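The primary structure of each chain is shown beneath.
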Amino acid sequence: MIKLDSKVPEGKLEEKWTNHKFNMKLVNPANKRKYDIIVVGTGLAGASAAASLGELGYNVKAFTFHDSARRAHSIAAQGGINAAKNYQNDGDSVYRLFYDTVKGGDFRSREANVYRLAEVSNNIIDQCVAQGVPFARDYGGLLDNRSFGGALVSRTFYAKGQTGQQLLLGAYTAMNRQVNLGTVKLYTRREMLDVVVVDGIAKGIVVRNMLTGEIEKYSAHAVILATGGYANTYFLSTSAMNCNVTAIWRAHKKGAAFANPCFTQIHPTCLPVHGENQSKLTLMSESLRNDGRIWVSKIKNDMRKPNDIPEEERDYFLERKYPTYGNLSPRDISSRAAKEAYDDGRGAQGQEAVYLDFQEAINRLGKKVIEERYGNLFEIYQTITGDNPYEVPMKIYPAPHYTMGGLWVDYNLMSTIPGLFVAGEANFSDHGANRLGASALMQGLADGYFIIPYTIGNYLAGDKPILVQTDHPEFNKVQKEIEDFISKLLSIKGKKTVDDFHKQLGRIMWNKVGMGRNEKGLKEAIEEIRQLRKEFWKDVNVVGVSNDVNQCLERAGRVADYLELGELMALDALNRNESCGGHFREEYQTPEGEALRNDEEYTFVSAWEFKDVGKWELNKEPLEFESIKLATRSYK
Amino acid sequence: MSHQKLNLTLKVWRQINAESRGTFEEYKVAVSPDSSFLEMLDDINNELERKNLEPITFESDCREGICGTCGLVINGQPHGPIPRIATCQLHMRNFKEGDTIYIEPFRAKAFPIIKDLMVDRSAMDRIMEAGGFISVNTGSVPDGNAIPIPKDIASESMDAASCIGCGACVAACKNASAMLFVSAKVSQFALLPQGQPERYRRVESMVKVMDEYGFGSCSNTYACEAECPKGISIKNIARMNRDYFMAKLKTENLEA
Amino acid sequence: MGWLFKALNSSIGKKFVMALTGVCLILFLVIHLINNLTLYFGPETFNTVVKNLDGIKPLIRVIEVILGLIFILHIFNGVRLWIENKIARGTGYTIKGSSKNADIFSRTMILSGSIIFIFLVIHLRTFWMSFNFDHTLKESHRYYEAVVSAFQDPVYSSFYLFAMILLGFHLNHGFQSAFQTFGWNHKKYFPFIEKFGMVYAWGTALLFASIPIYFYFYGGK
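Residues numbered from 1 in each chain as written. Chains lettered and ligands numbered in written order. Predicted model: local features only at pLDDT ≥ 70, side-chain atom pairs only at ≥ 80, totals over all residues. Heavy atoms only, no water.

Colleague: Kindly report on the overall build of chain A, identifying the contributing residues and their values.
Modeller: Each helix and strand counted, chain A has 16 helices and 20 strands in total. The C-alpha radius of gyration computed for chain A amounts to 24 Å, which stays within 12% of the reference 26 Å derived for 636 residues, consistent with globular compactness. Overall size of chain A, expressed as C-alpha extent along the three principal axes, is 75 × 65 × 50 Å. Counting only residues that meet the buried cut, chain A has 67% of its 636 residues in that class. Of the contacts formed within chain A by residues at least 6 apart in sequence, a portion of 73% connects residues at least 24 apart. One finds the centroid of the 80 positive side-chain charges in chain A at a distance of 3 Å from the centroid of its 81 negative side-chain charges. (Helix = DSSP H or I, 4+ residues; strand = E, 2+ residues; numbered from the N terminus. Rg over C-alpha atoms; globule rule 2.2 N^0.38 Å. Buried < 20%, exposed > 50% of the residue type's maximum accessible area, 1.4 Å probe, protein only. Contact = heavy atoms within 4.5 Å. Lys, Arg positive; Asp, Glu negative; His and termini not counted. Charge placed at Lys NZ, Arg CZ, Asp CG, Glu CD.)

In structure tokens form, the structure reads like this:
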């Protein structure tokens, strides 16, 4: 049993972070260069942490499996980043951003963490502007804002439809500056395969050099994992091809508790699957739902072209079921309704898709207005699908997009392994059971720029960890384990490809641990995943050798981890007998089909402790709400 | 959606490592027109793996045209025949039944081939590290609205900043010049007030490293602009040239 | 002055030298063309012009030396860039896609330049050498007649014509390219520069080319 101490500071909510910063121990500036810190991952959280720690004078080693630190998937975030600047004079405040985020997360996040996030949100904007991030501006030359889902104020800052790209490049350039100054040493094309824990404390990592296949060891006084989420467990998701869970999963197996694995976000407006060889899904901006009407045919297995289906045979199911919100119903409700239509055999032309139709809006507003509003999105749609949305209704379907769960961390963002910190999407900390739009970028940068640089100093000055050399027996042991793991994968020489297994796992996850979950399905999923895992280790074929570039081997290792994580996601979902945010248990819903929380029994974070493959122990961190009163999440 | 599959002949560049000689290998495929170009390669790879043959090594990540990881030269054109998209956004419906498609890696002395279609583009990062930043530490910065920036200047800076660092400009240029890539970063900061203090120092150090890595010079053929998936303008190159001359005339730096 | 040498040998510096020498040559071509066009005014005008130029020989010599240096710099740098750029590319593509992303003028600069260079050598031999060092010609002042007789040779005239077409190619790209290299690319003015460059390039080439055609067919009569 792990002891879960959230280490939330005493005092009033508004003063916690300020007091904590004052109470934290500091490292003597002259001694900082004597401390080595490893940062794994160079996305928003990783790059910003590496840059900030480098600036402070620490010796940073940054690792990425990409060829360049600029490629992380943070780059694909489109919408924007929230901050409580209240530049629009519309009543925003730190408290409101905090409240919206806790409510959006369906009251399953830690109050103190979220408040701190809202507090530092303003510093992020200032920081990024100073770095030369070209945010959108109005004619007076001041920063522009747009509004986003889940909030009644305009607090989202953006740079065209490429906010994630610009923020990542900002962090990347800040880190590059430190590389130039010599405080950060960058290791590209290295995939972290394990963390080295000596006497219960994180002391370094073991990576595979993806060019030579060499297993390399690196030691440090502290390790930060900023390696993103695990939506690729579903095979098809909006994550990049190489996003994976390996770094945090291996850390989990070394003792770091995994929190809320079942909290996954399914985004309603993605492009549907076109065929068996589909490799990933593309998100279309949610703003399309402002003018598009969502429908399917009333008739089952209707293979007619959408324009041949007469008006009276169309079922505008969101408008029918949710007359108040209609096509603008929240993400989870819209996603589930689309799934129900498909399950009912009424998917668009038999596909896993529903129509998003602009005909009515074009007739009402004219093509020109629609073109101004959505022109570039329509272009992207046509590039990918070949259909012209001005003439034929779009086809959309929900897809896994973000994972709120991750490694459990305390207020200092340290996992249950001392010395192992976790930042960004890789931790579980701030979004509860559902993340609001434009909050992922905010959290990644908050962790990296403004939180970890403080808390890691406190750890180093307080715990005074000792550097272990890489020839320590534990390092050698881990290296040996990794080498054995790789040779085992290469020696199976079965009949099925790595992708075959990944796709099969994805199907199980999507059907049974996806948008709607129930006890029966989850139990079946657990069985099926166990079966599949067994089969994987008997029948997978990993082509090639270990001491060369081998993308097949890279994927195989990741899929091996998904096959373990998938089971935990199902187990967590099975264990949480309530519906909240992205986790919808069909048994627990209101008569209107809304999520039904069970605050009495489930106001806690599930932190799973790894015992053996397929065996976990549940630890609970109770969530206490001092400032906010728990309420039913209603957007009516 | 059409269900008729396209029958194509692919000639794919295969090369074991940087030192070895590469050759084209032929693959016959039947592919759905709705499939993307990279999904077609995924398919071939799965087939190869089933036969216990080495899959084709190629890189890609986001498959949304923003990360800049992918990049193949398709029938002589970086990112293929359709303008303003990355390889990952190219779909097979843009090809015809019976087409023969040559797939080659980006070729430049500064981009050595690692394996098959995978090249080493780290020289671009080295250029960035030399000066592609604004020197501000975390924390000590003024309010975001302290310096107003005209809307059109911010948006011009944004256009330059939208470079995805894929290297298609280098691959397309007959001189393998990285001027479009470097000038995009130089321009982004040269336009903004925040970038002024280091404006001339930046361009000098970045150009210096660019030259050290053996990229060619710019012949103003503008192939880079034509092939850039983000349509970065060659006006940025003009701006960089201007700044470079000014740097040489104004600064007291005798070294760079 | 080490910094200047370094700057001019950088990738941008070398292009600057190309552009600057190119612009000088463009200006020279204008003067040369005006001189040539006096051929259309008959033997007396042309012969007088050449005679007068002969009268200020010392000044002409100085200008010729400067011009020669500019030519050498332009050619030397051009060839050097071509070699360096070839090395920067390394292995070429099996399928050439350049026709799809760049115009023919910009892609053929080294080719058009080389042929113009060959033309230049022959041209110096036929006209410059004889105008300067042929004593009978210098005494008789029958320059016009010498030109006319040279253009009676179909091989020479067709080569002249061919070289002028390539000069058009070279200038068509070179003119606007020089401005881009100097950094003078502006949304408002650059389209004008491009158009002006095109008119200049083909205007110059055609006017130069018209002379051998005229004299070949009409023999100056």
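Colleague: Kindly report on the domain arrangement of chain B, identifying the contributing residues and their values.
Modeller: All names here are of chain B. For chain B, the assigned domains read domain 1 (6–114) and domain 2 (122–134 + 149–250). For domain 1 and domain 2, the distance between their C-alpha centroids amounts to 28 Å. Opposite the 17 residues of domain 1 that make contact, domain 2 presents 19 residues. Counting the surface lost from both domain 1 and domain 2, the interface buries some 1400 Å², and carbon and sulfur atoms represent 62% of this. Counting the surface domain 1 buries against domain 2, the share from its top three residues, Pro 78, Arg 84 and Phe 111, is 35%. (Domains from an automatic or database assignment. Buried area = accessible area lost by both parts, 1.4 Å probe.)

Colleague: Please give an account of the state of the cysteines that cites residues and values.
Modeller: This structure, assessed with the given rule, holds zero disulfides over all chains. This cysteine, A:Cys243, is not joined by any disulfide, and B:Cys62 carries the nearest cysteine sulfur, 9.6 Å off. Residue B:Cys218 stays outside any disulfide, its sulfur separated by 6.3 Å from that of B:Cys224, the closest cysteine. Note on B:Cys218: relative accessible area 11%, which makes it buried. (Disulfide = S-S within 2.5 Å.)

Colleague: Tell me what's going on with the sheet that holds strand β3 (residues 73–74) of chain B, and back it up with residues and numbers.
Modeller: Residue and element names in this part refer to chain B. Read from one edge to the other, the open sheet built from five strands follows the order β2-β1-β5-β3-β4, with strand pairing classed as mixed. The open sheet terminates on both sides in strands that have one partner only, identified here as β2 (23–31) and β4 (77–78). Where strand β1 (residues 6–14) meets strand β5 (residues 100–104), four bridges bridge the pair, whose relative direction is parallel. Counted as the bridge partner of Val 12 is Ile 103 from β5. (Pairing = 2+ DSSP bridges.)

Colleague: Residue-level account of the pattern of salt bridges, with values.
Modeller: All names here are of chain A. With the rule as written, the count across this model stands at 79 salt bridges over all chains. Put simply, Arg 155 and Asp 100 hold a salt bridge, and the shortest N to O gap is 3.0 Å. Of this pair, Arg 155 sits in strand β5 (residues 154–157) while Asp 100 is found in helix α3 (residues 94–104), placing the two residues 55 residues apart along the sequence. Classification of Arg 155 as buried rests on a relative accessible area of 3%. The closest approach of N and O atoms between Arg 597 and Asp 106, which form a salt bridge, is 2.6 Å. With Arg 597 in the loop between α15 (551–575) and α16 (599–602) and Asp 106 in the loop between α3 and α4 (111–130), this pair connects stretches of sequence that are 491 residues apart. Linked through salt bridges whose partners overlap, the residues forming this network are Asp 106, Arg 108, Arg 576, Glu 578, Arg 597 and Asp 599. (Salt bridge = Lys/Arg side-chain N within 4 Å of Asp/Glu carboxyl O.)

Colleague: How would you explain the side chain of A:Glu474 if you had to name every residue and give the values?
Modeller: Its location among the elements puts A:Glu474 in helix α12 (residues 473–492). Here A:Glu474 is in contact with A:Val196, A:Val197 and A:Val198, once residues within four sequence places are set aside.

Colleague: Which residues make up the interface of chain B and chain A, and what are the values?
Modeller: Buried accessible area, meaning the area lost when the parts come together, often serves as the stated size of an interface. At the junction of the two partners, chain B supplies 75 residues and chain A supplies 80 residues. Both sides of the chain B and chain A interface together cover about 6400 Å² of buried area, and 48% of this is carbon and sulfur. Our count for the contact surface shared by chain B and chain A stands at eight salt bridges. In this structure, the salt-bridge partner of A:Lys85 is B:Asp143, at a minimum N-O distance of 3.0 Å. At the boundary of chain B and chain A, one finds 53 residue pairs in polar contact (both at pLDDT 80 or more). Looking at the side of chain B that touches chain A, the elements with two or more residues in it are α1 (37–50), β6 (113–115), β7 (118–119), α2 (122–131), α3 (151–161) and α5 (179–191) of chain B. Residues of the side of chain B that touches chain A, tallied by class, amount to 33 nonpolar, 22 polar and 20 charged. (Polar contact = N/O pair within 3.5 Å; in protein donor to acceptor, adjacent residues only side chain to side chain. Nonpolar A, V, L, I, M, F, W, Y, C, P; charged D, E, K, R; others polar.)

Colleague: Can you lay out the interface of chain B and chain C for me, pointing to particular residues and giving the numbers?
Modeller: Tallying the contact residues gives 48 residues for chain B and 37 residues for chain C. Viewed at the interface, chain C and chain B are joined by zero salt bridges. Put simply, chain B and chain C have 24 residue pairs in polar contact (both at pLDDT 80 or more) between them. At the level of secondary structure, the elements contributing two or more residues to the side of chain B that touches chain C comprise β5, α4 (168–172), α6 (199–212), α7 (223–227) and α8 (235–250) of chain B. Per element, the largest residue contribution to the side of chain B that touches chain C is nine residues, and it comes from α8(B). Class assignment of the residues belonging to the side of chain B that touches chain C gives a composition of 27 nonpolar, eleven polar and ten charged.

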